[in-house]
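Chain residues, written in single-letter form:
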Amino acid sequence: MENSGGIQASLAGRYATALFELARDEKQLQAVGGSLAALKAALAESENFRRLTTSPLISRDEAVKAVGATASAMKLDPITANFLGVLAQNRRLGQLGNVIRAFNLLAAAHRGETTAEVTSAHPLSDDQVAALKKNLKSRLGRDVAVDLTVEPAILGGLVVKIGSQMIDGSIRTKLNTLAQAMKG
């Protein structure tokens, strides 16, 4: 499998590559992908889980126990549960969001898809996501996996990043551009 040097060059990318290769070899890509999606949602929704992954005050042993309990409560697949334990043991839980993002890029490439990182001010409906995928597929000529992120600070519109290309249709950027133009 071809990996871009950018993914493998980062710390999170090395962890994601190891997790991806293990999941692929064990034919558990779908299970691991589902568990990582659940973890991504937990990072977005749970302040306690975010604090667990980022606080330097939580000891290594406490973090290992906490992620073990979290994995059990969330019914994560064994590969992902063990992987969380490795991150906790190595004090790398703060990289979890980046690992998930890199894993999703690797999995999409494995499926022959391109991944678009889409940031919106509000959650997108299923119909909006389907329309976005259709539009991106017609532009790129291949299937597109969409990695959605909600960031209220963009005020409205979308920011779409595909590889090194970025399409910024956010209201925040349009307002900033207008303000610069008015300054003269």
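Structure: see above.
Thresholds, definitions, all that
- Residues numbered from 1 in each chain as written.
- Predicted model: local features only at pLDDT ≥ 70, side-chain atom pairs only at ≥ 80, totals over all residues.
- Heavy atoms only, no water.
- Helix = DSSP H or I, 4+ residues; strand = E, 2+ residues; numbered from the N terminus.
- Buried < 20%, exposed > 50% of the residue type's maximum accessible area, 1.4 Å probe, protein only.
- Areas by Shrake-Rupley, 256 points an atom, 1.4 Å probe, with all protein chains shown as cover.
- Lys, Arg positive; Asp, Glu negative; His and termini not counted.
- Charge placed at Lys NZ, Arg CZ, Asp CG, Glu CD.
- Pairing = 2+ DSSP bridges.
- Axes fitted to C-alpha atoms, helices over the stretch in contact; angles between N-to-C directions.
- Left-handed = near helix turned anticlockwise from the far one by under 90°.
- Contact = heavy atoms within 4.5 Å.
- Phe/Tyr/Trp six-rings, centres within 6.5 Å; stacked < 30°, edge-to-face > 60°.
- Patch = residues over 30% accessible without salt bridge, like charges linked within 9 Å, V, L, I, M, F, W, Y side chains within 5 Å.
- Salt bridge = Lys/Arg side-chain N within 4 Å of Asp/Glu carboxyl O.

1. Topic: the overall build of the protein chain
- Secondary structure assignment for the protein chain yields nine helices and four strands.
- For the protein chain, the C-alpha atoms occupy an extent of roughly 55 × 40 × 30 Å along the three principal directions.
- In the protein chain, which comprises 184 residues, the share counted as buried stands at 33%.
- Element-wise, carbon and sulfur atoms account for 53% of the exposed surface of the protein chain, whose accessible area totals about 10800 Å².
- Positive and negative side-chain charges of the protein chain, numbering 22 and 17 respectively, have mean locations separated by a distance of 4 Å.

2. Thoughts on the sheet that holds strand E3 (residues 158-162)
- Across the sheet, four strands lie side by side as E2-E1-E3-E4; this open sheet has mixed pairing. With partners counted over all chains shown, the strands left at the sheet margins are strand E2 (144-150) and strand E4 (165-168), one partner each. Recorded for the sheet is a direction-independent mean angle of 20 degrees between the axes of neighbouring strands.
- Across five bridges, the pairing between strand E1 (residues 114-120) and E3 is antiparallel.

3. Description of the packing of helix H3 (residues 29-45) against helix H7 (residues 96-110)
- Running from amino to carboxyl end, H3 crosses H7 at an angle of 145 degrees, the nearest separation of the two axes being 10 Å. In this structure, H3 meets H7 at a crossing whose hand is left-handed. Residue-level inspection shows Leu29, Val32, Gly33, Leu36, Leu39, Lys40 and Leu43 of H3 in contact with H7, the latter providing Leu96, Gly97, Ile100, Phe103 and His110.

4. Some details on the pairing of E4
- Examined bridge by bridge, E3 and E4 share four bridges and lie antiparallel to one another. Bridge pairing in E4 links Ile162 to Gln165.

5. Details of the packing of aromatic side chains
- Following the criterion strictly, the structure yields two aromatic pairs and no others.
- An angle of 70 degrees between the planes, with centres 6.2 Å apart, marks the rings of Tyr15 and Phe83 as edge-to-face. With a gap of 68 residues between them, Tyr15 in helix H2 (residues 11-25) and Phe83 in helix H6 (residues 78-89) connect regions that are remote in the sequence.
- By relative accessible area, Phe83 is classed as buried at 9%.
- Seen in terms of ring centroids, Phe20 and Phe103 are 5.9 Å apart; in terms of plane orientation they differ by 65 degrees. Their pairing is edge-to-face. Linking Phe20 in helix H2 with Phe103 in helix H7, this pair joins segments that are 83 residues apart in sequence.
- Phe103 gets classed as buried once you look at its relative accessible area, which sits at 1%.

6. Regarding a nonpolar patch on the surface
- On the surface, Leu155, Ile171, Leu175, Leu178 and Met182 cluster together to form a nonpolar patch covering roughly 510 Å² of accessible area.
- Relative to the elements of secondary structure, Ile171 occurs in helix H9 (residues 171-183).
- By relative accessible area, Ile171 is classed as partly exposed at 39%.

7. As for the environment of Arg111
- Here Arg111 is to be found in the loop between H7 and E1.
- When the C-alpha atoms of Arg111 and Asp143 are compared, they prove to be 9.3 Å apart, with 32 residues separating the residues in sequence.

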